[in-house]
Amino acid sequence: MDWQVLTRELSLYLESQVRVGLFGSGVGLSLVLGFGVAYACYYLSSIAKKPQLVASNDRFCRFLEEYCPVVTETYYPTIWCWEGRVQTLLRPFITSRPQVQYRNELIKTADGGQISLDWFDNNDSLYYPDASTRPTVLLLPGLTGTSKESYILHMIHQSETLGYRCVVFNNRGIAGEDLLTPRTYCAANTEDLEAVIHHVHSLHPSAPFMAAGVSMGGMLLLNYLGKTGRDTPLMAAAIFSAGWNVFESVESLEKPLNWLLFNYYLTTCLQSSISRHRQMLEKLFDMDLVMKARTVREFDKRFTSVMFGYRTIDDYYEDASPCRKLKSVGIPVLCLNSVDDVFSPGHAIPVETAKQNANVALVLTSCGGHIGFLEGIWPRKCTYMDRVFKQFVQAMFEHGNKIFSM
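None of these values were measured; they are calculated from a predicted model.

Student: Please clarify how the overall build of the protein chain should be interpreted in this entry.
Tutor: When you go through the protein chain residue by residue, the secondary structure sums to 15 helices and nine strands. On C-alpha atoms alone, the protein chain measures out to a radius of gyration of 23 Å, which is about the 22 Å that the 2.2 N^0.38 rule sets for 406 residues. For the protein chain, the proportion of its 406 residues judged to be buried stands at 55%. Residue pairs in contact within the protein chain that sit at least 24 positions apart in sequence constitute 76% of those at least 6 positions apart. Looking at charge distribution, the protein chain has the averaged site of its 37 positive side-chain charges lying 1 Å from that of its 40 negative ones.

Next up, the structure:
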């Protein structure tokens, strides 16, 4: 669409209406059209922009430009809700929830606990009828998320159309299963994720294997990759709306408006996720004190950092921040963030560190919020994040051998 021509035609029409309005009844319409033209100009000049692609490896950039072109195209946020907070708040209510039939599996851990995995086997796959070689995507939801989250369901729907298999890693005690030990999860401890990755790989050793993490799931995945380097069964990973620096994230969430909109609600979600296991957790924690927390920081100080043996909450937050491990990532990773995400402020995104690792590419949009990325007039079925996910996993599974030969 030629926006300059459209704007010029609207302006000419507006001028004619203003002339009519001065002597007749066209003033109201003229004002509406005037506002519309002004808003369209502002939207096209300041809101709709191409994302910033940050990558030090020219071959990785060329690979993405050819096989994942969405990361180089202009992102047009939903015109009536492009602001980051609004996108974050509305996405769960606006986006659809595709129907997915899971197969649940409970696996035991070394410490006597259990982890719930939800499998989408895609046995009707036309492209990969052989289950032993069917590409597999491991999905990691956010802080209190499970396999039922709409963004997870959409990722599975996208994978289904490509013929891939998915498995969702539900953190301990979060998906309805019992806690067998007084331990849940955190962004820094990767033991459960390591167990899941090796379990899935052992079941399908000949299948190409990727992972995608959202929000805290992305942080956990990055911390795992920073720890393992190239020593992982995963061939690549996609990260969405990760909090790169936990200190900056909690500080942003503690600003008055953000606390009102997000922090308090998220804290209650964390408390709700452990309240069902109160009898087990009371063996180690003062649960009355934990349930009185009013911020994520207070919850982490009284519960999470104590559970995993950190001396102080600052020690935990330092260990949980993926920005400190990004240099050690040893497989291709694509990370999508919006710079207006209050959960992961734009100034805390490690752009310079990413430039020092040839395996890392950052895609930074000007709008999109936290796991928002809504687009279209009524963004029910597909978001910009969904399109990035689909194109990147397809690029890696079907053309990944070309990434370092271009």
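Student: How do you make sense of the side chain of Thr136 when you look at a structure like this?
Tutor: Within the fold, Thr136 resides in strand 4 (residues 136–140). On the basis of relative accessible area, Thr136 is assigned to the buried category, the value being 2%. Contact partners of Thr136, with chain neighbours within four places excluded, come to Arg165, Val167, Val200, Ala207, Pro208, Phe209, Met210 and Phe397.

Student: Would you mind going over the packing of aromatic side chains with me for this structure?
Tutor: In this description, a pair of aromatic rings is defined by centroid distance and the angle of the planes. All chains considered together, the criterion is met by 15 aromatic pairs. Summarising the aromatic geometry, the rings of Trp259 and Tyr264 are spaced 5.5 Å apart at their centres and angled 50° between planes, so their arrangement reads as tilted. We classify Trp259 as partly exposed; its relative accessible area is 31%. For Tyr264, a relative accessible area of 35% translates into the label partly exposed. Grouped by ring-pair contacts, the aromatic residues Phe247, Tyr310, Tyr316 and Tyr317 constitute a single cluster.

Student: Is there a simple way to think about the UniProt feature "domain: AB hydrolase-1" (unreviewed entry) in the protein chain in this case?
Tutor: On the UniProt side, "domain: AB hydrolase-1" (unreviewed entry) is annotated at positions that read residues 135–376 here. For residues 135–376, helix accounts for 41% and strand for 14%, while the C-alpha atoms at its two ends are 30 Å apart.

What counts, and at which threshold
The numbers attached to residues start from 1 for each chain and follow its sequence in the written order. Note on the predicted model: pLDDT of at least 70 is required for a residue's local features to be given, and 80 or more for side-chain atom pairs to be given and counted; whole-chain, interface and lining totals, by contrast, use all residues. Hydrogen atoms and water are omitted, and side-chain values are computed over all heavy atoms in the structure. Per the convention used, a helix needs a DSSP run of H or I reaching at least four residues, while a strand needs a run of E reaching at least two, with both numbered from the N terminus. Between the two quantities, the radius of gyration covers C-alpha atoms and the globule rule is 2.2 Å times the number of residues to the power 0.38. For the exposure calls, accessible area comes from a 1.4 Å probe over protein chains only, and a residue counts as buried if that area is under 20% of its type's maximum, exposed if over 50%, partly exposed in between. Contacts are assigned to residue pairs that have any heavy atoms within 4.5 Å of one another. Here the positive residues are Lys and Arg and the negative ones are Asp and Glu; neither His nor the chain ends is included. By convention, the point assigned to a charge is CZ for Arg, NZ for Lys, CD for Glu and CG for Asp. Whether two aromatic rings pair depends on their centres lying within 6.5 Å, for rings of Phe, Tyr and Trp, where Trp uses its six-membered ring; planes under 30 degrees apart make the pair stacked, over 60 edge-to-face, and the rest tilted. UniProt positions are given in the numbering used here, feature names are shortened, and annotations may be inferred rather than shown by experiment.

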